[in-house]
Amino acid sequence: MTTATIPSPTRTMTYLPALKKTDPKIRDLILQEEKREFEKLRLIPSENYASHAVKEATGGIFTNKYSEGYPNKRYYEGQQLTDQVESLAQERAKEIFGADHVNVQPHSGSPANMASFRAVLKPGDTIMGLSLPHGGHLTHGWKANFSGSLYNSVPYELDPETEMLNYDMILKQAREFKPQLIIAGYTAYPRKIDWTKFREICDDVGAKFHADTSHITGLIAGGEHANPFPISDIGITTTHKTLRGPRGAMILCKEENAEVVNKAIIPGIQGGPHIHTISAIAVALQEATTPEFKTYAQQVVKNAKALAERLLSHGFRLVTGGTDNHLILMEVFESKGIPGREASKSLDKAGIVCNCNMVPFDKRTPFNPSGIRIGTPSMSSRGMKETEMEKLGDWINEAISNAEDETVLARIAGEVKSMCIQFPAPGIDPANWNE
Ligand SMILES: *Cc1c(COP(=O)(O)O)cnc(C)c1O
């Protein structure tokens with residue numbers, strides 16, 4: 001009897017050994033990015049640290065497999081395992097978010113919105129989403145985007161007094177324009193969203209209710225924000241923001257929209273799904289059910305509140321006066337005399353990475369706006385708490401007050417690094433850099 005010899009795995013201490021051989025340039029850039037993410041305070045609210053487990057699945061063997069179609073209904077053979085992976089991801093998402101149907105195939109948030117609109121709208125139909133300068137997403141009807149050219153976009157805005165959603169204003173506008181779809185869920189809105197109010201407005205005017213929870217899905221899974229999916233007709237989420245999964249997205253909908261949603265993805269706008277990504281989405285969903293994840297979600301909100309208080313104490317103006325989710329929108333042009341872009345560039349030199357952002361009723365342009373946007377998800381994933389947020393508030397103030405002083409900025413960057421390296425970062429192991 002001959003026994004096939006299975007070669008024993010070659011043990012090596014080298015990190016990313018295949019890349020070291022094949023493409024040292026890319027390997028070096030990956031190592032540098034790991035260091036950057038480890039040594040800096042990452043405040044972009046849509047970013048996070050994916051776990052080692054999520055990264056292992058993302059880099060796994062399913063990248064090799066084509067599986068156009070859906071579980072038990074594929075075009076090609078060899079789907080014994082892809083079907084199980086995709087079904088697991090779907091079941092876990094349904095369980096957490098209480099949706100009738102989940103499609104886990106969208107390649108990212110924007111194609112998920114494109115497919116979800118395509119599923120329930122005809123070109124030329126009227127849609128109402130929050131305007132981009134007020135915190136809405138590009139894909140919610142911005143003119144330069146497919147959503148603003150393919151559909152008749154009638155964006156709503158925030159209340160000029162409170163800078164918050166004004167449900168009476170939205171209802172009035174909906175009654176006037178009779179949209180087929182109303183979108184709730186934002187990229188730069190620091191407050192809670194009342195989904196029930198949106199359901200009522202949609203019912204009043206006969207519109208479908210679309211919830212886009214991309215930014216806050218981790219907060220929803222962790223119990224820190226209400227969940228729209230039991231009452232929305234359709235909606236999407238990215239999987240890589242507060243949820244901490246791989247880059248990807250899901251469409252969640254009522255049973256009656258399941259078939260049109262699936263058809264809108266394939267053959268509508270995509271071909272083969274990225275099963276390696278879907279396997280990592282399943283992992284992230286599993287992680288999101290743990291007690292640790294709940295603690296993380298709670299700390300995200302506590303940290304945002306603590307940071308907001310510290311910034312207010314330094315005389316900054318925060319849009320809506322504060323936050324009750326994971327992000328802070330801070331006006332810096334009128335209150336501190338520095339454009340948002342300059343502020344974010346100076347902060348980056350100080351090791352504090354955020355993005356400039358429009359504020360509601362901004363008189364400046366999207367590329368050079370009046371504010372900056374700051375989020376606490378990444379820092380919370382590293383276990384930072386209120387004490388660190390206070391230090392951060394002081395550093396932000398010092399960096400913005402000395403925006404042109406390279407010496408001050410470099411000194412802060414050093415202090416930031418000393419603090420950061422004391423906090424482990426999910427998915428990053430500094431011991432790997434020693435070889
Ligand atoms: C991030 C985001 C998207 C788009 O996600 P991409 O993966 O960047 O295409 C869509 N909607 C909202 C509300 C978002 O915040």
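Basis of the calculations
- Counting starts from 1 at the beginning of each chain's written sequence and moves along it residue by residue.
- Only residues with pLDDT of at least 70 are given local features in this predicted model, and only at 80 or more are side-chain atom pairs given and counted; all residues enter the totals for whole chains, interfaces and linings.
- The side-chain quantities take in all heavy atoms of the structure and omit both hydrogens and water.
- Domain start and end points were adopted from an automatic or database domain assignment.
- Note on contacts: a residue pair is in contact if any heavy atoms of the two residues lie within 4.5 Å.
- By convention, the term buried area covers the 1.4 Å-probe accessible surface removed from two parts as they join, with the contributions of both added.
- For this analysis, a salt bridge means a side-chain nitrogen from Lys or Arg found within 4 Å of a carboxyl oxygen belonging to Asp or Glu.
- Distance and chemistry together define a polar contact, namely a pair of N or O atoms within 3.5 Å, with one atom able to donate a hydrogen and the other to accept it when in protein, and with adjacent residues in sequence counting only for side-chain atoms on both sides.
- Under the scheme used here, helices are H or I runs from DSSP no shorter than 4 residues and strands are E runs no shorter than 2 residues, and both carry numbers assigned from the N terminus.
- Classes in brief: Ala, Val, Leu, Ile, Met, Phe, Trp, Tyr, Cys and Pro nonpolar; Asp, Glu, Lys and Arg charged; the others, Gly included, polar.
- Given the number of residues in a helix, its expected span is that number minus one, multiplied by 1.5 Å.
- Accessible area is worked out with a 1.4 Å probe on protein chains only. A residue is then buried under 20% of its type maximum, exposed over 50%, and partly exposed in between.
- Nonpolar cores were defined as sets of buried Ala, Val, Leu, Ile, Met, Phe, Trp, Tyr and Cys residues, with membership established by side-chain atoms within 4.5 Å.
- At least two DSSP bridges between two strands are required for those strands to pair.
- Simply put, an axis is a line fit to the C-alpha atoms, just over the touching stretch for a helix, and the angle between two N-to-C directions goes from 0 to 180 degrees.
- The near set for a molecule or strand comprises every residue that places at least one heavy atom within 4 Å of it.
- Methods summary: accessible areas were calculated by the Shrake-Rupley approach with a probe of 1.4 Å, and residue burial reflects only the protein chains presented.

Turning to the domain arrangement of the protein chain, a few remarks are in order. Taken domain by domain, the protein chain holds domain 1 (29–49 + 291–427 + 430–434) and domain 2 (59–287). Distance between the C-alpha centres of domain 1 and domain 2: 27 Å. Domain 1 puts 31 residues into the contact, and the matching count from domain 2 is 29 residues. Considering only the surface of domain 1 that becomes buried against domain 2, Phe293, Thr320 and Phe361 emerge as the three largest contributors, covering 27% of it. When the shortest N-O distance is used, the salt bridge between Arg191 and Asp324 registers 3.5 Å. In this assembly, domain 1 and domain 2 are joined by 13 residue pairs in polar contact (both at pLDDT 80 or more). Only helix H12 (291–313), strand S11 (317–318), strand S12 (327–331) and helix H15 (377–381) provide two or more residues apiece to the side of domain 1 that touches domain 2. Residue contributions to the side of domain 1 that touches domain 2 peak at seven residues, all from H12. In terms of residue class, the side of domain 1 that touches domain 2 is made up of 16 nonpolar, eleven polar and four charged.

Turning our eyes to something else, we now look at helix H16 (residues 386–401). When the terminal C-alpha atoms of H16 are compared, their 23 Å separation across 16 residues agrees well with the 22 Å that a helix rising 1.5 Å per residue should span. Turning to H16, its buried residues number three or more, namely Glu388, Met389, Leu392, Gly393, Trp395, Ile396, Asn397, Ala399 and Ile400.

As a further point, take the nonpolar core. Ranked by internal contacts, the top residues of the largest apolar core, which has 49 residues, are Tyr156, Leu165, Ile182 and Phe198. Counting contributing residues per domain, this core is built from domain 1 (29–49 + 291–427 + 430–434) and domain 2 (59–287), each supplying no fewer than three. Sequence-distant contacts of Leu165, that is, excluding residues within four places in its chain, are made with Tyr156, Leu158, Ile170, Tyr186, Tyr189, Ile193 and Phe198. Membership of the second largest hydrophobic core comes to 35 residues, among which are Ala306, Val332, Met379 and Ile412.

To continue, consider the pattern of salt bridges. Applying the stated criterion across every chain, the model contains 21 salt bridges. One salt bridge in this structure joins Asp233 and Arg199, with 3.2 Å as the shortest N-O distance. Here Asp233, found in the loop between helix H9 (217–221) and strand S9 (234–238), pairs with Arg199, found in helix H8 (residues 195–205); they are 34 residues apart in sequence, far enough to count as distant. Judged on exposure class, the residue Asp233 and its partner Arg199 are both buried. Residues joined in a network through salt bridges with shared partners are Arg199, Asp203, Asp233 and Lys254.

Overall, Arg199 belongs to the buried group, its relative accessible area being 14%. In contact with Arg199, not counting residues within four places along its chain, are Ala207, Phe209, Ile231, Ser232, Asp233 and Lys254.

Read from one edge to the other, the open sheet built from seven strands follows the order S4-S10-S9-S8-S7-S5-S6, with strand pairing classed as mixed. Each edge of the open sheet is held by one strand with a lone partner, namely strand S4 (101–103) and strand S6 (152–153). In the sheet, S9 pairs with strand S10 (residues 249–253) via five bridges, with the strands oriented antiparallel. Directly across from Gly235, in S10, lies its bridge partner Leu252. In the packing of helix H5 (residues 109–120) onto the sheet, the strands contacted are strand S5 (126–128), strand S7 (181–184), strand S8 (208–212), S9 and S10, and the crossing angle to S9 comes to about 170°.

Once that is clear, we can look at the sheet that holds strand S14 (residues 355–357). Taking strand neighbours across the sheet as the criterion, the four strands line up as S11-S12-S15-S14 in an open arrangement whose pairing is antiparallel. Since the sheet does not close on itself, it has two edges, and those belong to S11 and S14, each with one partner. Its contacts with the sheet put helix H14 (residues 340–349) on S14 and strand S15 (371–375), and the angle it makes with S15 is roughly 45°.

Take the side chain of Ser153 next. As for its position among the elements, Ser153 is in strand S6. Ser153 sits in the buried class, given a relative accessible area of 10%. With residues near it in sequence (within four places) discarded, Ser153 still touches Ile127, His140, Gly141, Lys143, Ser147 and Gly148.

A few words on the site of the ligand. In the vicinity of the ligand there are 14 residues, among which Ser108, Gly109, Ser110, Asp212 and Lys241 approach most closely. Between the ligand and Ser108 there is a distance of 2.4 Å, counted from an oxygen atom to a side-chain nitrogen or oxygen. Lys241 is positioned with one of its side-chain polar atoms (N or O) 2.8 Å from an oxygen atom of the ligand. Within the complex, the protein chains bury 87% of what would otherwise be the 380 Å² of accessible surface of the ligand. Here the shell around the ligand gets three residues from one element, more than from any other, and that element is H5. Among the residues making up the shell around the ligand, the classes are represented as one nonpolar, eleven polar and two charged.

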